[in-house]
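# Observations on the three-dimensional arrangement
If you want the building blocks of each chain, they are given just below.
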Amino acid sequence: MSEGTMQRRAQRDQREDQRVKRLARVLVCAAVVPVMLVAAGCSSDSGSDDGKDKAAKASASASASPSPTVRAAAYGTLPESCKVLPKKTLEDLVPKAKSGKEGASDDVATRASCSWSSLDNNGVKGSQFRWLNVSLLRFESDVTRGPGDELAKEYYDKQVRDAQAVEGAQKTEAEPLAGTGDEATAVRYDLKKKEGTFKQQTVVVRVENVVVTLDYNGAGLAGDKTPSADDLMKDAQKAAKEAVAAVTKANDEGAGAGESSGSPSEAGSPSASGADSETESASKASAKG
C-alpha cells in the first residue's frame, strides 16, 4: 500500500471518528432535553394541583360557614285596629261614638290604629267628653337589628317615657301593671285646657313582638263635673287587656307567626320615624280632645 493511500485512509478514519463523536453528543442532548421537559411539566402540574386544592379548601371553608340567623318573631300579623275592642267595651267607654276612625298606615300588618270620640251633650247641664285611641305596632326579627321581641321592648320603653313627658301634663303618675301582656305600664296625668280639665290615661303593653298603646281621656265640659281618674284608668286597663287578647287571637287563627329573617325586612320592620309619627298623631288628637 502506498504512502499516499495510507494517509488518505488515516484522514478518512479520523473524519469518521469525529462524525461518531458528534452523533453521540446529539443523542445525549436529545435524551436530556425530554427529561428536563418532563421534570418541568411535573413541577408545573404540581403547582397547578396545589392551587386547585387551595381553592377547593377555601370554597369548602366558605360553604361550611353558617349564614347569620335570628330568633323568629312570635306574631306575624295584627288584628283590624277598629275591631280590637268588643262592642260592649266601646259602648261603655265612648257611648256616643258612631264608629272608629282608622289611622293611616302603609302596612296594616305592621302598624295600625283606630280612634273614637264621644260627646254626651246635656245642654245647659254641660257635656261629658271621651276620647279613645288604640295603636298597634309589630316588629319583625331582623339579622341586622335583632329579634322582634327585643325591638318591641325598646319601643315599649320609649312609649312609656314619652307618656310621662307630655308637655303641660300635671300630676303625672306611672305604675307597672301585672297580668297584661309580657309587660305593661299605666301612666296618668291631667291636662288643663280652656274647655276644662282632661284626665288622661295611657296604658302601654308589650306582648311578644307587638306593642299596644291605649290612650283614654275624659273631661266634663261646659260646667259638667270632671270624671274620676280612677274610673277612667280602670276602663283603660280593661280595654288594654282586650286589645292584647285580640292580637293573640289574630295570630292563633292562622295568620301565622313571624319567620326568622336572613336579611333585613322592609315592610316588617317599622322605622322609628313611622312609629314616632303614629305616636305624635295620637298625642295631637288627644290634645285636641
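See the structure shown above.
Description of the structure in this document.

The rules we used
- Residue positions are given per chain, counting from 1 as you read along its sequence in written order.
- Thresholds applied to this predicted model are a pLDDT of at least 70 for local features of residues and 80 or more for the giving and counting of side-chain atom pairs; totals over whole chains, interfaces and linings are not thresholded and use all residues.
- Side-chain calculation: all heavy atoms of the structure are included, whereas hydrogens and water are not.
- Each helix is a run of DSSP H or I of at least 4 residues and each strand a run of E of at least 2, with the numbering of both proceeding from the N terminus.
- Helices are assigned an expected span. That span is 1.5 Å times one less than the residue count.
- Burial classification: accessible surface area is computed with a 1.4 Å probe over protein chains only, and a residue below 20% of its type maximum counts as buried, one above 50% as exposed, and the rest as partly exposed.
- Pairing between strands requires that DSSP locate at least two bridges from one strand to the other.
- Within 6.5 Å between ring centres, the rings of Phe, Tyr and Trp (the latter by its six-membered ring) count as paired, and their orientation is classed by plane angle as stacked under 30 degrees, edge-to-face over 60, tilted in between.
- Put simply, a charge is over a ring when the Lys NZ or the Arg CZ is close to the ring centre, within 6 Å, and near the line of the ring normal, within 35 degrees.

## Some thoughts on helix α3 (residues 148-163)
Its 16 residues place the ends of α3 22 Å apart at the C-alpha level, agreeing with the 22 Å of an ideal helix rising 1.5 Å per residue. Those residues of α3 lying buried are Gly148, Leu151, Ala152, Tyr155, Tyr156, Gln159, Val160 and Ala163.

## Side note on the sheet that holds strand β5 (residues 183-193)
Spatially, the 7 strands line up as an open sheet ordered β1-β2-β3-β7-β6-β5-β4, and their pairing is antiparallel. A single partner strand is all that each edge strand has here, and the edge strands are β1 (101-102) and β4 (170-177). Summarising the sheet, strand β3 (residues 127-138) and strand β7 (residues 210-221) pair through 12 bridges and their orientation is antiparallel. The residue bridging Val134 from the neighbouring strand is Leu214, located in β7.

## Considerations on the packing of aromatic side chains
Under the criterion given, the structure shown has 2 aromatic pairs. Between the aromatic rings of Phe129 and Phe198, the centroid separation amounts to 6.0 Å while the plane-to-plane angle is 75°, which identifies the pairing as edge-to-face. Taken together, the residues span a long stretch of sequence, with Phe129 in strand β3 and Phe198 in strand β6 (residues 196-207) at a distance of 69 residues. Across the pair, Phe198 and Phe129 agree in class, each one buried. Relative to Tyr155, the ring of Phe139 has its centre 5.7 Å away and its plane inclined at 50°; by these criteria the two rings are tilted. Note that Phe139 is positioned in the loop between β3 and α3 and Tyr155 in helix α3, a separation of 16 residues in sequence. Residue classification places Phe139 among the buried positions, given a relative accessible area of 5%. Here the guanidinium or amino end of Lys193 rests over the ring plane of Phe198, the centre of that ring lying 4.5 Å away.

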